[in-house]
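The chain contents come next:
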Amino acid sequence: MVFSSMVFLCGFLPAVLIGYAICPAKYRNFFLFVASLFFYAWGEPVYIVIMFLSILIDYTHGLLVEKYRSNDRLARWFVGESMVFNLLLLGFFKYWDFFAVNLSGIPGIQIPTLGLPLPIGISFFTFQTMSYTIDVYRRDVHAQKSIVNFGAFVTMFPQLIAGPIVQYKDVDDQLRERHENVAQFASGVQTFICGLAKKVLLANSIGMLWDVSLQNAATLSALGAWLGILAYSFQIYFDFSGYSDMAIGLGRMLGFEFKKNFDYPYISRSVTEFWRRWHISLGTWFREYVYIPLGGSRRG
């Protein structure tokens with residue numbers, strides 16, 4: 001179920017917004033959790049087991065890290081366990097067939113390919129749950145005691161498919177208490193519509209030009225090839241940017257404030273600046289949980 005589909009726009013979204021509005025505040029996270037699970041199961045009903053397993057593993061490890069925080073070695077062990085599980089899960093679905101094909105080319109080695117479809121949004125919810133356990137260890141947040149609240153954070157349907165990657169510390173307070181109002185809801189609707197226009201009117205239309213260029217690659221002129229390249233560049237931008245805007249708008253309708261994910265990347269003057277402006281949440285995640293911990297912030 002994609003945000004631009006009629007099933008989502010005319011069925012799922014109105015039902016969720018109405019149900020969310022009439023639901024008592026203390027049960028809204030549970031309602032959001034169930035609605036998000038339904039959204040996920042619509043596309044991948046079998047892999048909902050993977051989602052439950054990821055939630056359970058990281059929820060329990062967050063509690064264990066906080067419980068044994070005074071024993072740094074043991075706390076680090078639980079953080080490591082959580083990270084290994086998440087990385088193995090992500091690596092299995094993304095790279096099993098790749099390694100199976102390449103290793104099977106070595107004489108004497110035969111590894112079967114599985115041909116498993118990639119679970120929807122696995123990269124996004126894997127990064128999110130990993131950052132949660134690390135943040136608990138760093139004392140940036142307290143471990144979430146409610147598995148429903150934690151499940152709502154992991155499965156939150158607005159950002160499940162294409163991001164932005166939401167760090168737990170950014171929504172911790174919002175999970176406990178949110179104050180929705182008309183102005184916030186209206187702003188969310190406006191942002192969602194802008195994102196929808198980017199996706200449907202721009203990305204999809206420009207994508208047709210790229211498809212035509214690809215199909216006629218052998219006979220394209222130099223001008224036609226450049227037009228195709230430009231079409232692809234703008235299609236991928238408006239597609240990702242549109243989905244991010246829709247996610248931010250949907251979150252705002254539900255009382256959540258997600259951080260901006262794109263900041264006009266095509267006006268960048270360097271590769272570094274482009275990286276900072278394109279998919280900001282992904283770049284921020286790698287900076288905070290990979291680059292800096294590995295010493296990337298140290299000069300010399």
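Source: prediction; values computed, not measured.

What counts, and at which threshold
Residues numbered from 1 in each chain as written. Predicted model: local features only at pLDDT ≥ 70, side-chain atom pairs only at ≥ 80, totals over all residues. Heavy atoms only, no water. Helix = DSSP H or I, 4+ residues; strand = E, 2+ residues; numbered from the N terminus. Buried < 20%, exposed > 50% of the residue type's maximum accessible area, 1.4 Å probe, protein only. Contact = heavy atoms within 4.5 Å. Areas by Shrake-Rupley, 256 points an atom, 1.4 Å probe, with all protein chains shown as cover. Lys, Arg positive; Asp, Glu negative; His and termini not counted. Charge placed at Lys NZ, Arg CZ, Asp CG, Glu CD. Core = buried A, V, L, I, M, F, W, Y, C linked by side-chain atoms within 4.5 Å. Salt bridge = Lys/Arg side-chain N within 4 Å of Asp/Glu carboxyl O.

## Some details on the overall build of the protein
When its secondary structure is counted, the protein shows 11 helices and zero strands. Ordered by position from the N terminus, the helices and strands of the protein form the series α-α-α-α-α-α-α-α-α-α-α. Projected onto the principal axes, the alpha-carbon positions of the protein cover approximately 65 × 60 × 45 Å. Here the protein, with 300 residues, has 45% of them falling under the buried criterion. Across the protein, contacts joining residues at least 24 apart in sequence account for 71% of those joining residues at least 6 apart. Total accessible area on the protein stands at roughly 16,200 Å², and carbon and sulfur atoms take up 67% of it. Where the 24 positive side-chain charges of the protein centre and where its 20 negative ones centre are 5 Å apart.

## Some remarks on the nonpolar core
Within the largest apolar cluster, 63 residues are counted, with the highest numbers of intra-cluster contacts made by Phe-8, Phe-153, Phe-157 and Phe-192. Ranked by residue count, the leading element in this core is helix 5 (residues 122-137), at eight residues. Not counting the four nearest positions on each side in its chain, Phe-192 is found in contact with Phe-3, Phe-8, Leu-9, Leu-13, Asp-245, Met-246, Gly-249, Leu-250 and Met-253. Within the second largest apolar cluster, five residues are counted, among which are Ala-203, Phe-238, Phe-262 and Trp-278.

## Re unusual backbone geometry
Glycine aside, negative phi is the norm for most residues, and most peptide bonds take the trans geometry. Its identity as a non-glycine residue notwithstanding, Arg-139 has a phi of 70 degrees, on the positive side. By the element assignment, Arg-139 lies in the loop between helix 5 and helix 6 (147-155). Judged by relative accessible area, Arg-139 falls into the exposed class, the value being 57%. Even without a glycine there, the phi angle at Tyr-264 is positive, about 45 degrees. On the secondary structure map, Tyr-264 appears in the loop between helix 9 (222-253) and helix 10 (271-277). Residue classification places Tyr-264 among the exposed residues on the basis of a relative accessible area of 58%.

## Overview of the pattern of salt bridges
According to the stated counting rule, one finds 15 salt bridges in the structure shown. Among the ionic pairs, Lys-169 bridges to Glu-288, the shortest N-O distance being 3.0 Å. Within this pair, whereas Lys-169 is found in helix 7 (residues 168-176), its partner Glu-288 is found in helix 11 (residues 280-291), the two being separated by 119 residues in sequence. Judged by relative accessible area, which is 30%, Lys-169 ranks as partly exposed. Here Glu-288 falls in the buried class, since its relative accessible area comes to 19%. Via salt bridges that share partners, Lys-260, Asp-263, Glu-273 and Arg-277 belong to a single interconnected network.

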